[in-house]
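# Summary of the model geometry
Read off the chains here:
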Amino acid sequence: MNHFALTIVGRDRPGIVSQVTEILFNQGCNLADSSCSILGGQFTMILILGHPEFTSRESFGEAFKPLEDADLTVALRVLKPGGEIRPQIEGDICMISVYGADKPGIVYHVAQVLGEKQVNITDLNTKLVGTEERPVYVMVIEAVLPEGVEEEDVNTWLAPTRDELQVDITVRTIPTVEL
Amino acid sequence: MAVRSILIYPDPILKQVADPVEAVDESAVAVIQDLVDTMVDSGHSVGIAAPQIGVLRRVLVVDVSKSKLGKSNNHGLLEMVNPEIIEKSGSKIMREGCMSIPDYTGNVTRAEHIVVEFTNRNGQLRVIEASGFEAVAIQHELDHLDGLLFLDRVSSLKTDLYRRKSK
C-alpha cells in the first residue's frame, strides 16, 4: 500500500465532502486520518490515504479534474514509506488557551517560546471571534510536554509573552488514564 | 475465580444495554469476582464492567487506590451491582483510554463529583460520594453498562469553540 497526503480547499458549500470522497472511493483509495473544517469561508480537507497500486500523482490521471472544474484547489503529496505512521509521542498532554484583542504575532510569539523549549505542538486551532469593532483572537493548542516539564514551567515560560501581547493564557495538563 | 478475556470493540456486546441484577446471588458474586480477578490481572487497569467480559448484567468494579492519580482520594476496591448516579456536579476533563479500545485515547468531560447508589457483594444498599479520578472511573465503567464507550463522549475542542461562537 502506497500513501498520499491530499489537500483540498475551496469556497464552502454543501456537497464538497461527498464529491471528493466519491472520486476517492471509485479510484479504490483507503482513507486513513483526515481533518476537514471550515476556515473563514473556505472548506478545507486534509486526508491521508492509501492505494494498493498507485505510486505517483500520475496514477490518479484526470480523477481530480471535476474538483478543479468546481473551483476547488487540489494538492497531492506522495508519502515516503512509513510517512503515514503516527509517531508515538511520550509525555503529558497539555492544553494551552490564548485569547485577547486581535493583533499581529500572537501565534508566532507563543509558538516561538514552545519551540525553543522542545514542546511538541500536536494540534493548533485559531479563530477570530468577537465583533467587527472589537475582534478577539482565540487560539487553542494541544501539546506534548518533554519529560520533566510541568504545567507551572510552561506558565512561567509564557508569562513574558502574556505581558508583551496583553493576552490571557491558561495552561492545563490533561492526565491520560487507562480505564 | 477466573481471569476472563476482555472483549475488544467492535464486539457487538459492548454496545448493548446490560440487564439489572435481580438478586445478589451466587452467580452475581461470581461475576464480581471474575471482574476483580480480570482487573487485577491486567495490571494497569483501575476498573472494569461486566459487558467487557461478555456478561450483560449491571455489575462493575473500580479500584483507583493503586494509581498515582487516585491514591490520595478513594474508597479502595468498589464492587457495584446496579449502580446509579443520583447526583453529579462540577466537570473534569481527562484523556481516557479503554481496554476495549486499544491504542486510542480521547478527551472526555465528566462530572467531578458524584453520589452513587449501588448494592454491594453482600446485597446491602450503599451510597457513596466520589470525586476526582475515582468519580471519572465510576462514570466510565457505568457507561459500559449502558452500551456507551468513551468514543460516544469525545468532543473536540474545535467543535466546542465553534458551538460557542454560533450561539
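Located above this text is the structure these notes cover.
On a predicted model such as this, the values are computed, not experimentally measured, just so you know.

Calculation criteria
- Residues numbered from 1 in each chain as written.
- Chains lettered and ligands numbered in written order.
- Predicted model: local features only at pLDDT ≥ 70, side-chain atom pairs only at ≥ 80, totals over all residues.
- Heavy atoms only, no water.
- Phe/Tyr/Trp six-rings, centres within 6.5 Å; stacked < 30°, edge-to-face > 60°.
- Helix = DSSP H or I, 4+ residues; strand = E, 2+ residues; numbered from the N terminus.
- Buried < 20%, exposed > 50% of the residue type's maximum accessible area, 1.4 Å probe, protein only.
- Contact = heavy atoms within 4.5 Å.
- Buried area = accessible area lost by both parts, 1.4 Å probe.
- Salt bridge = Lys/Arg side-chain N within 4 Å of Asp/Glu carboxyl O.
- Polar contact = N/O pair within 3.5 Å; in protein donor to acceptor, adjacent residues only side chain to side chain.
- Pairing = 2+ DSSP bridges.
- Axes fitted to C-alpha atoms, helices over the stretch in contact; angles between N-to-C directions.

## Describing the packing of aromatic side chains
Inspection of every chain in the model, using the stated rule, returns 4 aromatic pairs over all chains. Between Phe4(A) and Phe60(A), the aromatic rings sit 5.1 Å apart at their centres with planes inclined by 85°, giving edge-to-face as the arrangement. Of the two residues, Phe4(A) is situated in strand 1 (residues 2-11) and Phe60(A) in the loop between strand 3 (42-51) and helix 2 (65-69); the sequence distance between them amounts to 56 residues. A relative accessible area of 0% means that Phe4(A) is categorised as buried. Note on Tyr104(B) and Phe150(B): the rings are 6.1 Å apart at their centroids and 10° apart in plane angle, and the pair reads as stacked. Of the two residues, Tyr104(B) sits in strand 5 (residues 101-110) while Phe150(B) sits in the loop between helix 2 (132-145) and helix 3 (157-166), which places them 46 residues apart along the sequence. The class of Tyr104(B) is partly exposed, set by a relative accessible area of 43%.

## Thoughts on the interface of chain A and chain B
Each side of the interface is counted separately: chain A has 17 residues, and chain B has 23 residues. Taking both partners together, chain A and chain B bury about 1900 Å²; carbon and sulfur atoms supply 66% of that area. Summed over the shared surface of chain A and chain B, the number is 1 salt bridge. One salt bridge in this structure joins Glu142(A) and Arg95(B), with 3.0 Å as the shortest N-O distance. If you look at where chain A meets chain B, you find 6 residue pairs in polar contact (both at pLDDT 80 or more). Of all elements in the fold, only strand 2 (30-39), strand 5 (93-101), strand 6 (120-130), strand 7 (135-144) and strand 9 (176-178) of chain A reach the threshold of two or more residues within the side of chain A that touches chain B. Sorting elements by how many residues they give to the side of chain A that touches chain B places strand 6 of chain A first, with 4 residues. Pairing of strand 9 of chain A with strand 4 (residues 92-98) of chain B, which is carried by 3 bridges, proceeds in the parallel orientation. Its bridge partner being in strand 4 of chain B, Thr176(A) is matched across the sheet by Arg95(B).

## Observations regarding the sheet that holds strand 5 of chain B
In space, the 3 strands of this open sheet follow the order 9(A)-4(B)-5(B), with mixed pairing throughout. Each end of this open sheet is capped by a strand with a single partner; those strands are strand 9 of chain A together with strand 5 of chain B. Sheet twist, expressed as the mean angle between neighbouring strand axes with direction ignored, is 30°.

## Brief notes about the pattern of salt bridges
All names here are of chain B. Using the criterion set out here, one finds 10 salt bridges over all chains in the structure. Note that Lys15 and Asp152 form a salt bridge whose closest N and O atoms lie 2.9 Å from each other. Here Asp152 lies in the loop between helix 2 and helix 3 and Lys15 lies in the segment before helix 1 (26-41), a separation of 137 residues in the sequence. With a relative accessible area of 43%, Asp152 lands in the partly exposed category. Among the ionic contacts, a cluster of salt bridges with common partners joins Glu96, Arg110, Asp143 and Arg153.

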